[in-house]
Protein chains: 2
Amino acid sequence: MKSISDFLKNHDIRPSYQRMRIFEYVQSKRNHPTIDMIYSSLIQEIPSLSKTTIYNTLRLFVSAGIVKPVTIEDHEIRYDADTVPHIHFKCIKCGKIEDIYLKNDWNDLASMVPEGYVVNEEHLYLRGLCPDCRDA
Amino acid sequence: MKSISDFLKNHDIRPSYQRMRIFEYVQSKRNHPTIDMIYSSLIQEIPSLSKTTIYNTLRLFVSAGIVKPVTIEDHEIRYDADTVPHIHFKCIKCGKIEDIYLKNDWNDLASMVPEGYVVNEEHLYLRGLCPDCRDA
DNA sequence: AGGCAATTGTGTAATCCTTACAATTTTTAT
DNA sequence: ATAAAAATTGTAAGGATTACACAATTGCCT
Ligand SMILES: [Mn+2]
Ligand SMILES: [Mn+2]
Ligand SMILES: [Zn+2]
Ligand SMILES: [Zn+2]
């Protein structure tokens, strides 16, 4: 918890109790949660927690760059505390989103885009069946 | 217009006037429009048009597979009548979404995914500045 | 420690987008 | 032409997000 406090301070975010708990949840669960997933889990331990605080806090984290929004489905926003570019896989059956590590490196796209474009971000995600759901 | 009518019929969609005009818009403009963009444009020529019809029609097109939803930003859904997989570029300044054709082929991702996953769809999009906005 | 100002959290209300539904219009078949 | 089916429309309902005012907490100064 001390490390989370320091981490937030390093990004000019005051480490309130709620902020620390919310960040800890997103970072440790690694489940790319929605706002509701965070709320449902933390409300059990922090009965006073307001959903507005989750919204505010995530917006703060995103603008500070310590959490990235993951947009795969149109109707739900998910959040990821892993800010280095990586690939996501969404299972169409159980709905979970996990990180995927490819066996080989993937092309350097920046060198393949037509002249004139400035690329700031690359986003890649796959959809299909996860190993658990494939076997079931 | 005759070809659009036949195209819809081939996908078991009755070619009503509204449906033909909506499909024509998405296919010809190639601008990956939102529901509102379609509505704002067509309402000028079809004064009776209801936004509900746009929602219903796009949902029908998507379930028939003749239009694909494009989800890049969390707060807006866009639609694309080009159903073959391709790459999108969203300009963070002017907001437009365009198709990108890479100079080389891009890796065959399916072969690079860890064992056990079944990949149905691959989605790649880039964010940055389009040539127009870069120069401005 | 006590007091004060600034920041953060909370609960409710407002807003915006999407969907549900019933009524009307249009199309299709007989 | 008539009736049945399907599509469109307008309004109401729903759900998610944001705005806002007030309460609680924090941090700083004495
Ligand atoms: Mn991730
Ligand atoms: Mn496209
Ligand atoms: Zn699964
Ligand atoms: Zn641009």
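Up top is the structure.
Residues numbered from 1 in each chain as written. Chains lettered and ligands numbered in written order. Predicted model: local features only at pLDDT ≥ 70, side-chain atom pairs only at ≥ 80, totals over all residues. Heavy atoms only, no water.

Q: Before we go on, may I ask you to explain the overall build of chain A in this structure?
A: Along chain A, the regular secondary structure elements total five helices and five strands. The secondary structure elements of chain A, listed N-terminal to C-terminal, are α-α-α-α-β-β-β-β-β-α. By the burial criterion, 43% of the 136 residues in chain A qualify as buried. Summarising the internal contacts of chain A: among those between residues at least 6 apart in sequence, 46% fall at separations of at least 24. Total accessible area computed for chain A in this model is approximately 7,400 Å², and 48% of it derives from carbon and sulfur atoms. Here chain A carries 17 positive and 19 negative side-chain charges, and the mean point of each set is 7 Å from the other. (Helix = DSSP H or I, 4+ residues; strand = E, 2+ residues; numbered from the N terminus. Buried < 20%, exposed > 50% of the residue type's maximum accessible area, 1.4 Å probe, protein only. Contact = heavy atoms within 4.5 Å. Areas by Shrake-Rupley, 256 points an atom, 1.4 Å probe, with all protein chains shown as cover. Lys, Arg positive; Asp, Glu negative; His and termini not counted. Charge placed at Lys NZ, Arg CZ, Asp CG, Glu CD.)

Q: Where do I start with empty space enclosed by the protein in this structure?
A: Where empty space is left becomes clear once a probe the size of a water molecule has been rolled over the atoms. What the rule picks out here adds up to two cavities of 30 Å³ or more. Considered as a void within the structure, the largest cavity measures approximately 60 Å³ in volume. In terms of lining, the largest cavity is formed by Val 26, Gln 27, Arg 30, Asn 31, His 32, Pro 33, Tyr 79, Asp 80, Ala 81, Asp 82 and Asp 99 of chain A. Those elements giving two or more residues to the lining of the largest cavity turn out to be helix H2 (17-29) and strand E2 (78-80) of chain A. Partitioned by chemical class, the residues of the lining of the largest cavity number four nonpolar, three polar and four charged. Of the voids in this model, the second largest cavity is the one considered here, and its volume is about 30 Å³. Lining the second largest cavity are Val 26, Arg 30, Asn 31, His 32, Tyr 79, Asp 80, Ala 81 and Asp 82 of chain B. (1 Å grid on protein atoms, 1.4 Å probe; cavity = no way out; pocket = protein on both sides within 12 Å on 5 of 7 lines; lining within 4 Å. Points joined across faces, edges and corners; volume = space filled by probe spheres on them. Nonpolar A, V, L, I, M, F, W, Y, C, P; charged D, E, K, R; others polar.)

Q: Please explain the coordination of the zinc ion (ligand 3) as it appears in this structure.
A: Each angle at a metal carrying four tetrahedral donors should ideally be 109.5 degrees, and each at a metal carrying six octahedral donors should ideally be 90 or 180 degrees. All names here are of chain A. The zinc ion (ligand 3) binds to the protein through Cys 91 (SG), Cys 94 (SG), Cys 130 (SG) and Cys 133 (SG), with metal-donor distances spanning 2.3 to 2.4 Å. Relative to the metal, the four donor atoms surrounding the zinc ion (ligand 3) lie at angles of 105 to 118°, and the coordination shape comes out tetrahedral. Mapping the donors of the zinc ion (ligand 3) onto the primary sequence gives the spacing C-x2-C-x35-C-x2-C. Here Cys 130 falls in the buried class, since its relative accessible area comes to 1%. (Donors = N, O, S within 2.8 Å, 3.2 Å for Na, K, Ca; no water. Tetrahedral: all angles 85-135°; square planar, octahedral: opposite > 155°, others 65-115°.)

Q: Looking at this structure, I do not really get the protein's contact with DNA strand C. What am I missing?
A: Not every one of the 14 residues close to DNA strand C is listed here, only the nearest: Arg 14, Ser 16, Gln 18 and Thr 53 of chain A together with Tyr 55 of chain B. Per the 4 Å cut-off to the protein, sugar and phosphate atoms form 86% of the nearby atoms of DNA strand C. At 3.0 Å, a side-chain N or O of Arg 19 of chain A approaches a phosphate oxygen of DNA strand C. Tyr 55 of chain B is positioned such that a nitrogen or oxygen atom in its side chain is 2.2 Å from a phosphate oxygen of DNA strand C. Class assignment for the residues of the surface near DNA strand C results in two nonpolar, eight polar and four charged. (Near = heavy atom within 4 Å. Polar contact = N/O pair within 3.5 Å; in protein donor to acceptor, adjacent residues only side chain to side chain.)

Q: Would you take a moment to explain the layout of surface pockets for this structure?
A: Quantified by volume, the largest pocket comes out at close to 920 Å³. Around the largest pocket, the lining is made up of 36 residues, and of these Lys 68, Pro 69, Val 70, Thr 71 and His 123 of chain A lie nearest the centre. Going through the elements one at a time, helix H3 (35-42), helix H4 (51-64), strand E1 (68-70), E2 and strand E5 (118-129) of chain A together with strand E5 (118-129) of chain B are the ones with two or more residues in the lining of the largest pocket. Looking at which element gives the most residues to the lining of the largest pocket, the answer is E5 of chain A, with six residues. For the lining of the largest pocket, the class distribution of residues is 16 nonpolar, nine polar and 11 charged. Both domains that meet at the lining of the largest pocket, namely domain 1 (2-68) and domain 2 (87-135) of chain A, each give it at least three residues. Tyr 125 of chain A together with Lys 68, Pro 69, Glu 121 and His 123 of chain B are, among the 26 residues lining the second largest pocket, the residues nearest its centre. When contributions to the lining of the second largest pocket are tallied by element, the ones reaching two or more residues are E5 of chain A together with strand E1 (68-70) and E5 of chain B. At six residues, the largest contribution of residues to the lining of the second largest pocket is made by E5 of chain B. Looking at side-chain class alone, the lining of the second largest pocket contains 11 nonpolar, seven polar and eight charged residues. Counting contributing residues, the lining of the second largest pocket receives three or more from each of domain 1 (2-68) and domain 2 (87-135) of chain B. (Domains from an automatic or database assignment.)

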